[in-house]
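Working through the structure, step by step
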Amino acid sequence: MELLQLPQAFTVCKVPDDSQIDLTQDYCFVGKTAEEFSLVCPTERVPAATTAREDGWRALKVQGILDFSLVGILSAIASALAERNIPLFALSTYNTDYILIKEEHFAKAADALRAKGYTVIK
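Right, let's walk through the structure included here. Because the structure is predicted, anything quoted here is derived from the model rather than measured.

A word on the nonpolar core. Residues Leu3, Leu60, Ile77, Leu81, Ile99, Ile101 and Leu113 are the most contacted members of the largest nonpolar core, which totals 18 residues. Elements that contribute at least two residues to this core include exactly strand S5 (52-62), helix H1 (73-82), strand S7 (97-102) and helix H2 (106-115). At 5 residues, the largest contribution of residues to this core is made by H2. The residues touching Leu113, leaving out its near neighbours within four places in the chain, are Leu3, Leu60, Ile77, Ala80, Leu81, Tyr118 and Val120. In terms of nonpolar packing, the next biggest core, distinct from the first, is built from 11 residues, Phe29, Leu91, Tyr98 and Leu100 among them.

Burial analysis of strand S4 (residues 37-42) places 6 of its 6 residues in the buried class, which makes it a mostly covered element. The pairing of strand S2 (residues 10-14) with S4 spans 5 bridges and is antiparallel. Paired with Val12 across the bridge in S4 is Val40. When strand S3 (residues 29-32) meets S4, the two strands line up antiparallel, connected through 4 bridges. The partner of Gly31 across the bridge, within S4, is Ser38. The turn joining S3 and S4, which pair antiparallel and follow one another in sequence, is formed by 4 residues.

With that settled, the discussion passes to the pattern of salt bridges. In the structure shown here, the tally under the stated rule is 6 salt bridges. Between Arg53 and Asp55 there is a salt bridge; the shortest N-O distance is 2.9 Å. Relative accessible area serves as the criterion here: at 35%, Asp55 is assigned to the partly exposed category. When the shortest N-O distance is used, the salt bridge between Arg58 and Glu103 registers 3.4 Å. Of this pair, Arg58 sits in strand S5 while Glu103 sits in the loop between S7 and H2; the two residues are 45 residues apart in sequence, bridging distant segments of the chain. Residue Glu103 is classed as partly exposed on the basis of its relative accessible area of 43%.

Cut-offs used in this document
- Residues numbered from 1 in each chain as written.
- Predicted model: local features only at pLDDT ≥ 70, side-chain atom pairs only at ≥ 80, totals over all residues.
- Heavy atoms only, no water.
- Core = buried A, V, L, I, M, F, W, Y, C linked by side-chain atoms within 4.5 Å.
- Buried < 20%, exposed > 50% of the residue type's maximum accessible area, 1.4 Å probe, protein only.
- Helix = DSSP H or I, 4+ residues; strand = E, 2+ residues; numbered from the N terminus.
- Contact = heavy atoms within 4.5 Å.
- Pairing = 2+ DSSP bridges.
- Salt bridge = Lys/Arg side-chain N within 4 Å of Asp/Glu carboxyl O.

Okay, here's the thing in structure tokens:
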């Protein structure tokens with residue numbers, strides 16, 4: 001399986017509402033629950049009004065469109081990283097999955113995934 005390394009740094013943050021979110025950017029992940037309004041976007045595009053933020057994330061995109069009948073994609077990636085004590089933040093879209101890893105763990109994570117047979121593309 002191929003994982004594409006995205007070039008930009010990402011931020012995971014909480015925002016008070018959607019008024020400052022730029023949905024025209026290439027990568028923008030929004031989640032809303034009764035408790036929070038979360039946003040994951042390139043660090044350079046974080047809105048001014050955040051209530052909490054965590055910078056320093058890098059992303060890997062699972063290449064290709066994943067059929068909903070596939071089982072264990074995220075589990076296998078998470079297990080490979082867990083074996084090396086590397087935390088992750090996972091996101092899914094209709095087409096595929098994204099794995100966010102803190103910058104300080106990113107090289108070690110890429111090595112761990114390669115060791116399990118994944119191709120990590122820069």
